[in-house]
Amino acid sequence: MRKIQLYTGLALIALVIAAGLVSLVWTPFDPIRVTADRLLDPGWPHLLGTDAMGIDIISRLLIGARYCLIVGIISVSLAAIAGVPMGVLAGLSGARSGWVDEVVMRVNDVVYAFPALLLAMLLAAVAGASTVTAMVAIGVATIPAFARVARAATLEVAASDFVLAARAAGTTKWSIAVRHVFPNIAPVVGVQASVGFAMAILAEAALSYLGLGTPRGTPTWGGMLRDAQDVWYTQPVQALWPGLAIALAVLGFNLLGDGLRDVLDPRLREVR
Amino acid sequence: MSLLEVSGLTVRFGRRQVVAIDDVSFTLGEQERLGIIGESGSGKTVTALALMGLLPENAAVTGSVRVRGQETLGLGEAEYAKLRGDTLSMVFQEPMTALDPTMRVGRQVAEVLLLHARNTSGNSRQRVIEMLRRVGLADAERIADSYPHQLSGGQRQRVCVAMALINSPDLVICDEPTTALDVTVQARVLKVLDEMLDAEHTACLFISHDLAVVSQVCSHVLVMLDGRIVESGPIHRIFATPSHPYTKGLVATAQLDKVAPGSPLPTVADFYTRAGATR
Ligand SMILES: Nc1ncnc2c1ncn2[C@@H]1O[C@H](COP(=O)(O)OP(=O)(O)OP(=O)(O)O)[C@@H](O)[C@H]1O
Ligand SMILES: [Mg+2]
């Protein structure tokens, strides 16, 4: 019964993925060519209407799904690929080489304390605002979250009997990290990844909205929201569609995260 | 030269240097079996982990442990890892937690084989299956493809025995390997262990708190109390003429069938009371 969360999350994510995939081969109208049919209300043939440049909103939403997934995947992968090994390293360093743990985690504290928005502004100033700079900024800013989660999980695994048994069989420290620690912390990292995905989507929308992410003209959900702001008083419904899309995608990944936590947490599993 | 020579082994824990085992000395020859018996907290597991070099980092170990004449205390982690699983191996008390839940058990056994692969020839899976059969797991193929949670406690402990013996080590340390199992399963696992030790010509250090269990596997026994060895000798001698009061208590509790009808069941506390303890 508690799996409803998981399945609802998966269904919402499947919807976003399907939209992104469809946009690769087909959109109802040209998603970038400006037309004279500006700000049409929802109806036929533009089911959700058109925006201030006369572009079909559904077409833009479909393309936006693609960007949302790309941003989520890349920034979460970046954060996980950098953060998880750091956390595992810190967690395995042990008392005798405790300075490794100290150094790694203090560096993460510094990154954590550094405002992500400032990072995005700096990157945009250096390399120009683009989807890539937004993804890098989001990725770097979420490294500490992955490092902390991975470290905590690693400490737990490292104290387990089966790690002691593996050492008794002659497995070396680094083989233990690869064979025993990574597979055992994977569920926790997976939960963090799905929650991180939701955060990345929101952050990218915010950065695009502020003009620090994907440039104008590219149909991202955050960018659409920014465009809708110009006609907010006359056409508020323009902001509804991208806002709804963002909300559903974020909800989907958050539900997935919570659902995974429930399913994978052995203590909760015992109760049921 | 004996297989294992331990002299003056002392382990202290933490900053306050709490003594867990104190001046433990014994020797163990090739293919010999020695039991260590003592109550909970007497330092049995600490002794075993000290021999394996697996004590946590807050433990200070002094004394000497020689394996075939080679001093192992102070050995680097990498050199120790070569001894473990190959010359020395260990079976743990809790079969429920001693196997990695994310890995099929066949692979876990194969890993140990490959870690010390002297003869890389031959199929490792074939050898794993054969080993699982030898420890009494009839449908070894299915067991090898199972995850630990799909197996019973007895099956898991057999897997652990297979893992400990697959490289034909010189010495296996068994830390209460049957305590977590019920009595019938315990008897079967002990029998398998006994046969395998014979077949592989492996020496064994068998830890237990139950003299009856130790007597099924070992010929000699050390009695440990509060981190010290208080008595040692052939097991039949210990049974016949225990000298330390604590040992007398152990012997009485191990021979419940000799209790005269009508008299109360003996406990160790009838024979031995710690200084300062009140009855
Ligand atoms: N990591 C540790 N840090 C501090 N003290 C420890 C540690 N491990 C064991 N000790 C202490 O060493 C003593 C011996 O413990 P040990 O685990 O060897 O007992 P045992 O004989 O194996 O008991 P049991 O039959 O319950 O397994 C205990 O007093 C325990 O408190
Ligand atoms: Mg113990």
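Residues numbered from 1 in each chain as written. Chains lettered and ligands numbered in written order. Predicted model: local features only at pLDDT ≥ 70, side-chain atom pairs only at ≥ 80, totals over all residues. Heavy atoms only, no water.

1. Here we look at the overall build of chain A
When you go through chain A residue by residue, the secondary structure sums to 10 helices and zero strands. The N-to-C order of helical and strand elements in chain A reads α-α-α-α-α-α-α-α-α-α. Seen through its principal axes, chain A has C-alpha atoms that stretch 75 × 50 × 30 Å. For chain A, with 272 residues in total, the buried portion stands at 46%. Surface accessibility of chain A: about 13300 Å² in total, with carbon and sulfur atoms responsible for 71%. Both charge centroids of chain A, one from 19 positive and one from 17 negative side chains, sit 9 Å from each other. (Helix = DSSP H or I, 4+ residues; strand = E, 2+ residues; numbered from the N terminus. Buried < 20%, exposed > 50% of the residue type's maximum accessible area, 1.4 Å probe, protein only. Areas by Shrake-Rupley, 256 points an atom, 1.4 Å probe, with all protein chains shown as cover. Lys, Arg positive; Asp, Glu negative; His and termini not counted. Charge placed at Lys NZ, Arg CZ, Asp CG, Glu CD.)

2. Topic: the environment of Ala254 of chain B
Residues and elements named next belong to chain B. Assignment of secondary structure puts Ala254 in helix H10 (residues 245-254). With a relative accessible area of 22%, Ala254 lands in the partly exposed category. What Ala254 contacts, discounting residues up to four positions off in sequence, is Leu211, Ala212 and Phe239. (Contact = heavy atoms within 4.5 Å.)

3. A short note on the pairing of strand E1 (residues 4-13) of chain B
All names here are of chain B. By the bridge criterion, seven bridges tie E1 to strand E2 (residues 18-28) in an arrangement that is antiparallel. Paired with Val6 across the strands is Phe26, a residue of E2. Taken together, E1 and the strand that follows it, E2, pair antiparallel across an intervening segment of four residues, in which Gly14 is found at a positive phi of about 75 degrees. As paired strands, E1 and strand E4 (residues 59-67) are joined by eight bridges and run antiparallel to one another. (Pairing = 2+ DSSP bridges.)

4. Side note on the sheet that holds E1 of chain B
Two orientations exist for strands paired in a sheet by backbone hydrogen bonds: parallel and antiparallel. Residues and elements named next belong to chain B. Within the open sheet, the four strands sit side by side as E2-E1-E4-E5. Their pairing is antiparallel. With partners counted over all chains shown, the strands left at the sheet margins are E2 and strand E5 (70-71), one partner each. By the bridge criterion, two bridges tie E4 to E5 in an arrangement that is antiparallel. If you follow Arg66 over to E5, its bridge partner there is Glu71.

5. Quick look at empty space enclosed by the protein
For the structure on display, the rule yields three cavities of 30 Å³ or more. Of the volumes computed, that of the largest cavity is approximately 120 Å³. What lines the largest cavity is a set of 13 residues, and nearest its centre among them are Ala165 of chain A together with Met90, Cys160, Met163 and Ala164 of chain B. Within the residue set of the lining of the largest cavity, elements represented by two or more residues are helix H6 (161-168) of chain A together with strand E6 (88-91) and helix H6 (153-165) of chain B. (1 Å grid on protein atoms, 1.4 Å probe; cavity = no way out; pocket = protein on both sides within 12 Å on 5 of 7 lines; lining within 4 Å. Points joined across faces, edges and corners; volume = space filled by probe spheres on them.)

6. Observations regarding the packing of aromatic side chains
All names here are of chain A. A full pass over the atoms with the stated rule returns one aromatic pair over all chains. Geometrically, the ring pair formed by Phe197 and Phe253 is stacked, given 4.0 Å between the ring centres and 15 degrees between the ring planes. Placement of the pair is Phe197 in helix H7 (residues 173-209) and Phe253 in helix H9 (residues 237-264), with a sequence separation of 56 residues. As far as the burial class goes, Phe197 and Phe253 line up, both buried. (Phe/Tyr/Trp six-rings, centres within 6.5 Å; stacked < 30°, edge-to-face > 60°.)

7. Details of the interface of chain A and chain B
Reports often express the size of an interface as the amount of accessible area lost when the parts come together. Listed as interface residues are 17 residues of chain A and, on the opposing side, 26 residues of chain B. Counting the surface lost from both chain A and chain B, the interface buries some 1700 Å², and carbon and sulfur atoms represent 57% of this. Three residues stand out in chain A for area buried against chain B, namely Arg167, Ala168 and Arg179 of chain A, and they jointly supply 29% of the buried area on that side. Scanning the region where chain A abuts chain B turns up two salt bridges. Close ionic contact of Arg179 of chain A with Glu111 of chain B constitutes a salt bridge, the shortest N to O distance being 2.8 Å. Counting across the chain A and chain B interface gives eight residue pairs in polar contact (both at pLDDT 80 or more). Elements represented by at least two residues in the side of chain A that touches chain B include exactly H6 and H7 of chain A. Among the elements that take part in the side of chain A that touches chain B, H6 of chain A stands out by supplying six residues, more than any other. In terms of residue class, the side of chain A that touches chain B is made up of seven nonpolar, six polar and four charged. (Buried area = accessible area lost by both parts, 1.4 Å probe. Salt bridge = Lys/Arg side-chain N within 4 Å of Asp/Glu carboxyl O. Polar contact = N/O pair within 3.5 Å; in protein donor to acceptor, adjacent residues only side chain to side chain. Nonpolar A, V, L, I, M, F, W, Y, C, P; charged D, E, K, R; others polar.)

8. What to know about a nonpolar patch on the surface
Residue and element names in this part refer to chain A. Residues Phe114, Leu117, Leu118, Met121, Leu122, Tyr209 and Leu210 make up a contiguous nonpolar surface patch of roughly 620 Å² in combined accessible area. When residues of the nonpolar patch are assigned to their parent elements, the largest contribution, four residues, is made by helix H4 (residues 116-127). Secondary-structure assignment places Met121 in helix H4. Given the relative accessible area of 43%, Met121 is considered partly exposed. (Patch = residues over 30% accessible without salt bridge, like charges linked within 9 Å, V, L, I, M, F, W, Y side chains within 5 Å.)

9. Section: the pattern of salt bridges
This model, assessed by the stated rule, comprises 24 salt bridges over all chains. As a salt-bridge pair, Asp109 of chain A and Arg106 of chain A come within 2.9 Å of each other at their nearest N and O atoms. Of the two residues, Asp109 of chain A and Arg106 of chain A are both situated in helix H3 (residues 98-113); the distance of three residues between them amounts to about one turn of the helix. The residue Arg237 of chain B makes a salt bridge to Glu231 of chain B at a minimum N-O spacing of 3.3 Å.

10. Section: the site of ligand 1
Residues and elements named next belong to chain B. Near ligand 1, the surroundings consist of 14 residues, among which Ser40, Gly41, Lys44, Thr45 and Glu176 are the closest. Taking Glu176, its side chain carries an N or O atom lying 2.8 Å from an oxygen atom of ligand 1. Protein burial of ligand 1: of its 640 Å² of free accessible surface, 60% is covered by the chains. In terms of residue class, the shell around ligand 1 is built from four nonpolar, seven polar and three charged. (Near = heavy atom within 4 Å.)

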